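Structural overview
Spelled out from the first residue to the last, the chains are:
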Amino acid sequence: MEAQHLQVTSGLSFAEPEVDALLKHSVRTQLESLLTQKLTVEQRVQQLQQSFVDATTLVLSDTETQHQVLVKAFDAMYDQAVQSMALAGLSQALLTRQYVSASGLIMSPHNCKHTIKDVYRIKGYARGIDQAIQSKLKHVSSITVLYPACGPFAPLLLPLLSYYKDSQKFTGQQIQVILADVHPGAILALTQLVKDLQLDEYILCIEEVDATEYKPKESIDLLVLEAMQHGFTKEGQLSIAKHLVQFLKIDGWMIPQNISVRGMMVIGETEFNQQWKEVEYSHSLNTDTDAQRDRVELGELMSINKSTLLNMQELELQDGVKVIQASQVTLPVDVDDMDKRILAVYAHIDTFAQEGVGQYDSGITHPRPDMTFYIDTKPRDVEHTHFVANSGDTVQFYYQLTGLPGFVPVKV
Amino acid sequence: MKKYAFFTGGCQSLTAIQYLHQSGQLACVVLVDAQPTPDLMQLQHWLQQSGIKTLAYNLSDDTDLLSQLDSLAVNRGLIYLFRHKVRPALIQYFSGHLVNIHPSPLPDYRGPFPLYWQLRNGEDKTKLTLHQVTELLDCGDIATDLEIEIHPFDTISCVQYKVAQALPELVAKYCQLDEKQGITWHKQDEKSDKTAPQVEQQQLIVNWHKQTSKQVVNMARAGNADAGCALFQFRQEMFQLLQASVVESPLIGVQAGTVIEVDRHTGLVIKTINGALRLDVIGTQQGVFDGYRFAVLFGLEAGFTLNN
């Protein structure tokens, strides 16, 4: 049976790649589409390029586009990208390897492939990066862009570069991009995708490297950062940013220009369930006024931008854990139902100019409930991971730079 | 002439019974008159095929048994894996010649689960201890013992097998001493910090906040594959941890119980309070998997923290 199957496969040299069984299982829809359409290599590449251009054209347009239209365009881009990934010939080991490094979570290519479907993250970044590039190129003839921890699809840049190439807005002589990722599987997929998109002229190099240790030879005009999950946890965004900001030119920009991480006390049911019952999809434009009014905002816990990064001081605790001092917050009094509220941490991302990614727009800005933070109440069994305080207490937040970064509250 | 009654409840006694039978010293085997288990039924079948006389141990009264032992002229009693407390009348019948074999270096690990707790505590050797039966369980004077090495990879089944293989040597040693009237009875220390109680369900669940890597490894092999299987919780479901290995991890500041790696070659690695642990073999209702396949199939991702 096996030999027979191989013979059939080899007969379709243009269509079905040698794909690991696990990847084949998870992207079978895309592969079936590849097979049924009987596309030649040229046709597949053309469809891939077109899907990237179409999605970017929509998000860069100043005309409002319907949510479903955007979703459809991004799904098409995703389908095409995973076909390219299948062609990259990743082994199952590379496809699924995921681990916690000293500075953050490293996701598997298998898990990060969905990022390219995160419509409003890519929209907020693409529009911001586009404006930043335009601004830069008004004054210089070429710029160098660094995109660390970019994953297998580099979704914040490759769609935009495809659009530039197609529209001839900017050339590879004007924009030189360094793509970097620590995961060898991501590098393989990325190399294949760049080749399929025929974007080589824009790519200065693809580096397999830990972004927290990478020392680019070039001075960087734009540093594109996204490696984060909701609540500004788990991934090594801050460690990467803190390390690479030193390689920015004096007038270089970090995209996003600012990340504001904020805390709030919410009634979980209202915030995460009731608020979304009547709307089509979760987005900052669709939040419910009553639910928003019901929040008890604690204020900004941390602000991450070029200036704060350059001045950021690490403190080393006795057990070797490094932390960064974040904000001090006084817990409000006179909130009757404080004991029923949970802490939720969320980020607002200002990518560039007026562009950004608001709360609930993307997985990375979705408020993250912290079930270990108790005010005016106590858990049934108190464990060392729990934080217990009362209204009126002052809380100092620290950000720990460990394998799973995140905020740690300490009662002052 | 020494004539033995062998009190037991399972096939792991077969090697000792065979020895006594072949050396012409076995008068009968006493089995509990209760709901038969598959193990007990297999033993009964073998005894029947071998033409060995069996007597029933009544859980409430010794009268019939004593009469039958007397009619068979039984004057020695040997107990192994009997799991029932012997009543005073039976002890008196044997006049100090009723002995029990306990698989631990007594007075350590007195109780019903000695091998389980020795493995769980990471002991690297055990003893088969032959001692006089008294009304206090596992406390009688010791006649002789035999040391058995425990390999670091041994599961409870491995050690049970080793014990079964060593039984004839210990019984032979005792019989020869008895024959030559050379038994010297040694008193046991009254107390020991190491005990072997019944295993409670809660004790089978991995506590990531308290247990070291080595303790979880030992817990897994102590219960592999037995009723006392180690368990861990993931998304409200319990899974059996049949084998785990200690691995090094330089990570600091990561909560114990967190998945720190999922990799086809290095497997499923969990942070512990003193390093890390690879979950090698996991039992589920859908079958048995290595850690990597378990993680992929059940969606256990790096960064996820397992409950206690």
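Quick caveat, the model's predicted, so the values are computed rather than measured.

Next up on the list: the overall build of chain A. Helices and strands together make up the secondary structure of chain A, namely 14 helices and 18 strands. Along the first, second and third principal axes, the C-alpha set of chain A runs to 70 × 55 × 50 Å. Out of the 412 residues in chain A, the part that is buried amounts to 54%. Excluding contacts between residues fewer than 6 apart, the proportion of contacts in chain A whose partners are at least 24 apart in sequence is 77%. Total accessible area on chain A is roughly 18,100 Å²; 47% of this is exposed by carbon and sulfur atoms. A distance of 2 Å separates the average location of the 33 positive side-chain charges in chain A from that of its 51 negative side-chain charges.

In this section: the pairing of strand 3 (residues 54-57) of chain B. Residue and element names in this part refer to chain B. Only one face of strand 3 is covered, namely the one carrying L55 and Y57; the face carrying T54 and A56 has none of its residues buried. As paired elements, strand 2 (residues 26-32) and strand 3 share four bridges and run parallel to each other. Its bridge partner lying in strand 3, V29 is registered against T54. The parallel pair strand 2 and strand 3 is bridged by helix 2 (residues 38-49), and the resulting crossover is right-handed.

Bringing the packing of helix 4 (residues 41-60) of chain A against helix 10 (residues 184-197) of chain A into the picture now. Residue and element names in this part refer to chain A. Close contact between helix 4 and helix 10 brings their axes to 9 Å; oriented N to C, the two are set at 95°. Considered as vectors, helix 4 and helix 10 are oriented roughly perpendicular to each other. Residue-level inspection shows R44, V45, L48, Q49 and F52 of helix 4 in contact with helix 10, the latter providing Q192, L193, D196 and L197. Here the contact of helix 4 with helix 10 is built from residues that sort into five nonpolar, two polar and two charged.

Below, the discussion takes up the domain arrangement of chain B. Residues and elements named next belong to chain B. One can read the domain layout of chain B as domain 1 (4-179) and domain 2 (201-298). Centre-to-centre, using C-alpha coordinates, domain 1 lies 35 Å away from domain 2. Tallying the contact residues gives 15 residues for domain 1 and 12 residues for domain 2. Of the roughly 990 Å² buried where domain 1 meets domain 2, counting both sides, 47% is carbon and sulfur surface. If you sort the residues of domain 1 by the area they bury against domain 2, Y116, R120 and I156 come out on top, with a joint share of 49%. Across the domain 1-domain 2 interface, the total number found is zero salt bridges. Sorting the residues of the side of domain 1 that touches domain 2 by element identifies helix 5 (114-120) and helix 6 (156-179) as the ones contributing at least two each. For the side of domain 1 that touches domain 2, the element with the most residues is helix 5, which contributes four residues. Tallied by class, residues from the side of domain 1 that touches domain 2 come to seven nonpolar, five polar and three charged.

Residue and element names in this part refer to chain B. Within strand 8 (residues 230-234), five of the five residues are buried, which leaves the element mostly enclosed by the surrounding structure. Burial along strand 8 is two-sided: A230, F232 and F234 facing one way and L231 and Q233 facing the other are all buried. Across five bridges, strand 8 lies against strand 9 (residues 237-247) in antiparallel orientation. When the sheet's bridge partners are listed, Q233 is paired in strand 9 with M238. Hairpin connection between strand 8 and strand 9: a loop of two residues separates the two successive antiparallel strands, and R235 in this loop has a positive phi of roughly 50°.

Basis of the calculations
Residues numbered from 1 in each chain as written. Chains lettered and ligands numbered in written order. Predicted model: local features only at pLDDT ≥ 70, side-chain atom pairs only at ≥ 80, totals over all residues. Heavy atoms only, no water. Helix = DSSP H or I, 4+ residues; strand = E, 2+ residues; numbered from the N terminus. Buried < 20%, exposed > 50% of the residue type's maximum accessible area, 1.4 Å probe, protein only. Contact = heavy atoms within 4.5 Å. Areas by Shrake-Rupley, 256 points an atom, 1.4 Å probe, with all protein chains shown as cover. Lys, Arg positive; Asp, Glu negative; His and termini not counted. Charge placed at Lys NZ, Arg CZ, Asp CG, Glu CD. Pairing = 2+ DSSP bridges. Right-handed = clockwise from strand over helix to strand, strands pointing away. Axes fitted to C-alpha atoms, helices over the stretch in contact; angles between N-to-C directions. Parallel < 35°, antiparallel > 145°, perpendicular 65-115°, else oblique. Nonpolar A, V, L, I, M, F, W, Y, C, P; charged D, E, K, R; others polar. Domains from an automatic or database assignment. Buried area = accessible area lost by both parts, 1.4 Å probe. Salt bridge = Lys/Arg side-chain N within 4 Å of Asp/Glu carboxyl O.

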